[in-house]
Amino acid sequence: MKTVSRRDRAGIPLSLAFSRATALLALLVVSIGLVACDGSAEPNDGSSASLVVGFSQIGAESDWRRANTQSIRDEAAKRGIDLRFSDAQQKKENQIKAIRSFIAQGVDVIAFSPVVETGFEQVLEEAKRAGIPVVLSDRAVEVSDDSLYVSFIGSDFEEEGRRAAQWLVDNTEGEVRVAELQGTPGSAPALDRAAGFRAVIENHDRVEIVWSQSGNFTRTEGKQAFQAFLKSPDADSVTALYAHNDDMAIGAIQAIKEAGKDPGEDIKIVSIDAVKQAFQAMIDGDLNCTVECNPLIGPQLFDIIEKVAAGESVPKRVKVEEGVFTASEAAELIDSRQY
Ligand code: GZL
């Protein structure tokens, strides 16, 4: 395990010629600094007292993502971990830049949630050459060499898609024409939630997807995409909406109401994440079902990171346990929801 003392990383070339007074003053300042920071001097073995972790987050595109970020920040603070956090604003190139910056800083571990599955192989090879282990959080990458990451903790997105489709099959009768709002193109949750949903409905001829478009996991883009669809000839025949996350579903609900239709009745709606606003939408009768995708993985993530930093073995894949919630239980559960 690479143990680069942060003092090395932030070291000041003391070979510079100081006058005697300056040297004495510098020595006094440094001594006070070392003792004053937490009442105890930093270890003198050249290693840092806390773990340094670089985390590249996708962005702040949804309630789910903001809850995920809070869970990560809270857990790092609780464990006294030096978290170097970067928000990529949903851009892959920003994540690649952040990972290169973490490598340059010589962090102990890099963790990130890849905005899309492809395009990270080269930078992960750079991290490997630098001897810095990488942990995937929330989403997976597609690489030819899976030694480029040590572990992946995240939900089973295909299962989430299967659960959404199963709810629709179990709670409708007759022909169901489905509109689908997909997540970010090329992202693991969008690809897998689409696949899981289709794997179930292919066994039920009466359920058919008649329209599918990306809303990029955001409320605004979900509303815009669905507003346009509702003006198309196919709109009147659609009786169900499958949204890959609650934010897009909530945007579509606004569009359905503006079009004079009754969300939850004229169009049955099933989405994924189970954020608090989805529970409120179910209480309001606008949303029928939300499949849980738990963002509060900070504790599990840092359990893995600390084991990796200590050179201990960790599982290659850690799945997050999740449920399915419907309108009938929303009022009873909403106050207990943590995100
Ligand atoms: C799923 C996560 C997805 C959420 C969206 O684990 O990657 O990204 O479902 C979020 O809300 O934007």
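Residues numbered from 1 in each chain as written. Predicted model: local features only at pLDDT ≥ 70, side-chain atom pairs only at ≥ 80, totals over all residues. Heavy atoms only, no water.

Colleague: Tell me what's going on with the packing of helix α3 (residues 63–78) against helix α11 (residues 298–309), and back it up with residues and numbers.
Modeller: Where α3 contacts α11, the axes come no closer than 8 Å and their chain directions differ by 50°. One way to sum up the angle between α3 and α11 is to call them oblique. As for the relative orientation of α3 and α11, their crossing is right-handed in sense. Residue-level contacts link Ser71, Ile72, Glu75 and Ala76 of α3 to Gly298, Pro299, Leu301 and Phe302 of α11. (Axes fitted to C-alpha atoms, helices over the stretch in contact; angles between N-to-C directions. Helix = DSSP H or I, 4+ residues; strand = E, 2+ residues; numbered from the N terminus. Parallel < 35°, antiparallel > 145°, perpendicular 65-115°, else oblique. Left-handed = near helix turned anticlockwise from the far one by under 90°. Contact = heavy atoms within 4.5 Å.)

Colleague: Just give me the short version of the site of the ligand, but keep the residues and values in it.
Modeller: Near the ligand there are 13 residues, and of these Glu61, Asp138, Arg139, Arg193 and Asp273 occur at the shortest range. In the environment of the ligand, an oxygen atom lies 3.0 Å from a nitrogen or oxygen atom belonging to the side chain of Arg65. Coverage of the ligand by the protein chains reaches 100% of its 320 Å² of free accessible surface. Breaking the shell around the ligand down by element, the ones donating at least two residues are α3 and α7 (188–201). Along the lines of polarity and charge, the residues of the shell around the ligand split into 5 nonpolar, 2 polar and 6 charged. When we break the shell around the ligand down by domain, the ones giving at least three residues each are domain 1 (38–154 + 295–320) and domain 2 (157–293). (Near = heavy atom within 4 Å. Polar contact = N/O pair within 3.5 Å; in protein donor to acceptor, adjacent residues only side chain to side chain. Areas by Shrake-Rupley, 256 points an atom, 1.4 Å probe, with all protein chains shown as cover. Nonpolar A, V, L, I, M, F, W, Y, C, P; charged D, E, K, R; others polar. Domains from an automatic or database assignment.)

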